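Structural description and commentary
Now for the letters of each chain:
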Amino acid sequence: HLKTFVNSSVLQPTGRVVGIIKRNWRPFCGMLSQSMIKEATRHLFTPADRRIPRIRIETRQAANLVGQRIMVAIDGWPKNSRYPNGHFVKNLGSAGDKETETEVLLLEHDVPHQPFSQAVLSFLPKMPWSITEEDLKVRADLRHLCVCSVDPPGCTDIDDTLHCRELENGNLEVGVHIADVSHFIRPGNALDQEAASRGTTVYLCGKRIDMVPELLSSNLCSLRSNVERLAFSCIWEMNHNAEILKAHFTKSIINSKASLTYAEAQMRIDDSTMKDDITKSLRGLNRLAKILKGRRIAKGALTLSSPEVRFHIDSETHDPIDLQSKELKETNSMVEEFMLLANISVAQKIYDEFSECALLRKHPSPPPSNYDILIKAAKSRDLNIHTDSAKALADSLNNATVENFPYFNTLLRILATRCMMQAVYFCSGMDSDFHHYGLASPIYTHFTSPIRRYADIIVHRLLAVAINADSTYPDLMDKHKQSALCNNLNYRHKMAQYAQRASVAFHTQLFFKNKGIINEEGFILFVRKNAIIILIPKFGLEGAVFFDNKDKPSPHLSFDSEGPTLKVEEHTFRMFDEVKVTISLDASNIQHQRIRMALIEPVVCFCFLDFFIFYCETATA
């Protein structure tokens, strides 16, 4: 039913809705626009999601609901009505309030966040809890090992610990020890069903929505230092060139000797006066990690980038008081390498044992057209990007440098990230393409974060059955049910990402609220027909500066899609050009407050401003 109409010599595709196959209505959050008619009971509701039309509701509480975030449900949409009809559900609180806005973004992104029910809590272990004699009989006792964790500051849900020691034969023993969450969460009970429904822990700014109750996430499963904990261990015997000679999986008991931050672990590695067992273990792990990373990159694994920021939150007001780019240390990479290695080793093991029902994770190769903008961007600086394979792309990115422009390579990697497909969970019996493009690995899964990802719990159960450490159950071996579970996990993971980005966007607005106008340097990331998209690295923000407006005179614009370049009057904008902007908060619309940018340098008249915040997942793993 598509037709084509000619409008000012521009072909404009149009269409007509001829039927609704399935309604996808849900309760919507937003604000009431009170009718100007005195004592009116019919009012329009404006949803927070701009894609949703306004909804007509009837209420006598309008005066009390002005300035409040409310929830409305749609009842129907009469054929002759401009707006659907709905009804008021509940008041969420004052617009702009941190708690209210957090509730809104959780609801809008379908993040389950209600308190855990008594039915769920009834399956938690009774306190005080301790390791039993039975546990000691069926597990490897690794409490003597110099195991430690390395995490971000303030982490309480510690999933993973590591160790490295030299063996009598001169080889090295390296262990990744993961919280044994599946010991506490048994298949099919209310606790398991709730974790499967939530799918993932959601990390917002200053708030965490747990997948499992806090008794497990921050206590009994968390591999804190100086307490005995149940773990699932992946242990390798390696030579000094990080080549795996043997791999062993076992349920275990550990006692972590230290809970370190990335900075603390880095300090130990760098301080030549420190020669304790923990530091020796960290140095061994770090040396091996560098070899492993070099080998991965040589195979074609991608090192991508995205602008990420960290908020410093005031301990009393909980407002963001500072905003800075995240600084990655060697120890970040060290932990990542061994988590990747454990995930790959476990993926191969469970697939070897259960070829039809292994829960795996793949990262599809992008279609060639995805790379068009990346290739053009590099050509604008006389560089060639080859995209025939991940290896060709990785090598091209490694060689893409511009003299006196050190940030260029980072910008190119940010752009490359935008070309990628999304990594997804799948069941091995329902797919034939297992390859993980970003990691250049033929097989991959998630094993290392069972406190915060339900996929890892399923992988733990599969691995436990494979090594005769636990019994199986029907749903675990049903590829159709596994596939349906993967669909939910992919959905929950995607919505969690969106919620996290929305939380960062809201806290960014709070940060700029009392800052006035800030001048900052940025780079042009994209060039459009009537706008430029600017990245501000310091704040991890992107904004659009438009050069035309239907209500005002516009400058002469000339867009070249091959460049791509945009000529505005006498100035030509290219990708990666450096610019200077002012940044400020526009709070004129209380429901849709936004950060705005204005161009300072180069000086161009007729620019009209808009802004958005965009965050992209760097780790396709």
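Now for a look at the structure at hand. (Residues numbered from 1 in each chain as written. Predicted model: local features only at pLDDT ≥ 70, side-chain atom pairs only at ≥ 80, totals over all residues. Heavy atoms only, no water.)

Within the protein chain one finds 14 helices and 29 strands. The globule rule puts the C-alpha radius of gyration for 621 residues at 25 Å, and the 27 Å found for the protein chain is close to it. Across its three principal axes, the protein chain shows a C-alpha extent of roughly 80 × 65 × 55 Å. Here the protein chain holds 621 residues, and the buried ones make up 51% of them. Contacts spanning at least 24 positions in sequence make up 67% of the contacts within the protein chain whose residues lie at least 6 apart. As presented, the protein chain carries roughly 29,900 Å² of accessible surface, and 50% of it is formed by carbon and sulfur atoms. Here the protein chain carries 73 positive and 72 negative side-chain charges, and the mean point of each set is 6 Å from the other. (Helix = DSSP H or I, 4+ residues; strand = E, 2+ residues; numbered from the N terminus. Rg over C-alpha atoms; globule rule 2.2 N^0.38 Å. Buried < 20%, exposed > 50% of the residue type's maximum accessible area, 1.4 Å probe, protein only. Contact = heavy atoms within 4.5 Å. Areas by Shrake-Rupley, 256 points an atom, 1.4 Å probe, with all protein chains shown as cover. Lys, Arg positive; Asp, Glu negative; His and termini not counted. Charge placed at Lys NZ, Arg CZ, Asp CG, Glu CD.)

Mapped onto the secondary structure, L341 falls in helix α9 (residues 330–353). When the C-alpha positions of L341 and L585 are compared, they lie 44 Å apart, and in sequence the two are 244 residues distant. Other than its neighbours up to four places away in sequence, L341 contacts W236, M238, I244 and L292.

Most of strand β23 (residues 541–546) sits inside the fold, with 5 of its 6 residues counted as buried. The turn joining strand β22 (residues 531–536) and β23, which pair antiparallel and follow one another in sequence, is formed by 4 residues; a positive phi near 65° is taken by G540. (Pairing = 2+ DSSP bridges.)

Following both chains from N to C, one finds helix α7 (residues 262–270) and α9 inclined at 100°, their axes separated by 8 Å at the closest point. In this view, α7 runs roughly perpendicular relative to α9, as classed from their interaxial angle. In this structure, α7 uses Y262, A265, Q266 and I269 to contact α9, whose residues at the interface are E330, T331, N332, M334 and V335. For the contact of α7 with α9, a count of residues per class yields 5 nonpolar, 3 polar and 1 charged. (Axes fitted to C-alpha atoms, helices over the stretch in contact; angles between N-to-C directions. Parallel < 35°, antiparallel > 145°, perpendicular 65-115°, else oblique. Nonpolar A, V, L, I, M, F, W, Y, C, P; charged D, E, K, R; others polar.)

To continue, consider the sheet that holds strand β4 (residues 42–47). Spatial ordering of the closed barrel is given by β3-β4-β5-β7-β6, a layout of 5 strands whose pairing is mixed. Neighbour to neighbour, the strand axes of the sheet diverge by 55° on average, direction disregarded. One ladder, built from 8 bridges, connects strand β6 (residues 68–76) with strand β7 (residues 85–94); its direction is antiparallel. Directly across from R69, in β7, lies its bridge partner G93.

Residues F338 and L359 are the most contacted members of the largest nonpolar core, which totals 87 residues. A per-element tally of this core places helix α13 (residues 454–466) first, with 10 residues. If we ignore the near neighbours within four places in the chain, the residues touching L359 are I350, Y425, F426, T445, A455, I458, V459, L462, Q482, L485, C486 and L489. Residues F539, L566, M597 and V604 belong to the second largest nonpolar core, which totals 54 residues. (Core = buried A, V, L, I, M, F, W, Y, C linked by side-chain atoms within 4.5 Å.)

Applying the stated criterion across every chain, the model contains 32 salt bridges. One salt bridge in this structure joins E173 and R165, with 2.8 Å as the shortest N-O distance. Judged by its relative accessible area of 14%, E173 falls in the buried class. On the basis of relative accessibility, which here comes to 36%, the residue R165 falls in the partly exposed class. (Salt bridge = Lys/Arg side-chain N within 4 Å of Asp/Glu carboxyl O.)

The sheet built from 3 strands is open, its strands ordered β24-β25-β26 with antiparallel pairing. Only two strands of the sheet have a single partner each, and these edge strands are β24 (557–560) and β26 (571–574). The mean inter-strand angle of the sheet, taken between neighbouring strand axes irrespective of direction, is 15°. Of the pairings in the sheet, the one linking β24 to strand β25 (residues 565–568) comprises 4 bridges and is antiparallel in character. Bridged to D560 within β25 is T565.

Further remarks concern the packing of aromatic side chains. Counted according to the given criterion, the structure contains 12 aromatic pairs. When the ring of F232 is compared with that of F447, the centres are 5.9 Å apart and the planes differ by 75°; the resulting orientation is edge-to-face. Here F232 is found in strand β14 (residues 228–238), whereas its partner F447 is found in the loop between β20 (424–427) and α13, with 215 residues between them in sequence. Given a relative accessible area of 0%, F232 falls into the buried group. Taking the ring centre of F116 as reference, the NZ or CZ of R198 above it sits at 4.0 Å. (Phe/Tyr/Trp six-rings, centres within 6.5 Å; stacked < 30°, edge-to-face > 60°. Lys NZ or Arg CZ within 6 Å of the ring centre and 35° of its normal.)

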